[in-house]
Amino acid sequence: MCGITGYIGNEGAAPILLRALKKLEYRGYDSSGIAVLNNGSIILRKMKGRISALENAIGDEKIPGTAGIAHTRWATHGEPSDINAHPHTNESGSIAVVHNGIIENYAKLRLWLKERGAAFRTNTDTEVAAHLINYFYEKTPHPSLLDAVAKSVEKLEGSYALGVVCAALPDRIIAVRKDNPLVVGLGNGENFIASDVPAILEYTRDVYFLNDGEIAVLYRDHVDIFNEQGEPVEIKPA
Ligand code: GLU
């Protein structure tokens, strides 16, 4: 197993993400990492080992930014290492992705993306998701991150819960799942994603369990959810 979490609000994201990750520790993991949106870029911190090791490495550094995603990894493709830890990014680091699950057709997708110029840093299955989203995002004249994620997951075989952020869009986090759990936490001026409820329970009790194929777009003040056909889904908190 392993875990995903994400936060978008008005507080510093890094401490909230690390706290939520700790609540997911029981699920087992070999590495952890966070990606925080800040001023048109993404600050990435990740490493092999315990969350406390990541916290120690961050130390007194004040990571600015009020939105981000985080991950605890249970390696399936690629050894546990700093570089293989999530989040993973496209080449320029403008799109970051956390993923639970297994992308079964990653080898084929990797080849397809390499033929189109993508340069890979790791041998994880997850890295293809970052490059694929980037591919669709860059390809369109009026890029939409939501469309890019929707087109990408159409190509993925396997299981996934994904959290996605884009440096150019600091006002949103995108989340999607198939055969892996993901819950959206609805707060007041802040919203969350997590692999399970305890990770975010201290912030909100209003949760929405994403269904397979649904995509959530989290903003600070609201959340939009779309089904596989791209139609809006009414959010009924559980
Ligand atoms: N398959 C991915 C990896 O090995 C994600 C594993 C997980 O669910 O943590 O990096």
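Throughout what follows, the structure given in this document is the object of discussion. (Residues numbered from 1 in each chain as written. Predicted model: local features only at pLDDT ≥ 70, side-chain atom pairs only at ≥ 80, totals over all residues. Heavy atoms only, no water.)

Brief notes about the overall build of the protein
Helix and strand counts for the protein stand at 5 helices and 13 strands. Its C-alpha radius of gyration of 16 Å places the protein within 12% of the 18 Å reference for a compact globule of 238 residues. Projected onto its principal axes, the C-alpha coordinates of the protein cover approximately 45 × 40 × 35 Å. Every one of the 238 residues in the protein was classed for burial, and the buried ones make up 55%. Taking contacts inside the protein between residues at least 6 apart in sequence as the whole, the part at least 24 apart equals 62%. Put simply, the protein shows about 10,200 Å² of open surface, and 49% of that area lies on carbon and sulfur atoms. Each charge sign in the protein was given a centre, from 24 positive and 30 negative side chains, and these centres are 4 Å apart. (Helix = DSSP H or I, 4+ residues; strand = E, 2+ residues; numbered from the N terminus. Rg over C-alpha atoms; globule rule 2.2 N^0.38 Å. Buried < 20%, exposed > 50% of the residue type's maximum accessible area, 1.4 Å probe, protein only. Contact = heavy atoms within 4.5 Å. Areas by Shrake-Rupley, 256 points an atom, 1.4 Å probe, with all protein chains shown as cover. Lys, Arg positive; Asp, Glu negative; His and termini not counted. Charge placed at Lys NZ, Arg CZ, Asp CG, Glu CD.)

Digging into the sheet that holds strand 7 (residues 158-166)
The strand order across the open sheet formed by 6 strands is 5-6-7-8-12-13, and the pairing between neighbours is antiparallel. A strand with exactly one partner marks an edge of an open sheet, and here the two such strands are strand 5 (88-89) and strand 13 (223-226). Sheet topology places strand 8 (residues 173-178) next to strand 12 (residues 215-218); 4 bridges connect them, and they run antiparallel. Note that in strand 12 the partner of Val176 across the bridge is Ile215. Together, strand 5, strand 6 (95-103) and strand 7 form the strand contacts of helix 4 (residues 127-139), whose direction differs from that of strand 6 by roughly 130 degrees. (Pairing = 2+ DSSP bridges. Axes fitted to C-alpha atoms, helices over the stretch in contact; angles between N-to-C directions.)

All we've got here are geometric facts, nothing functional implied.
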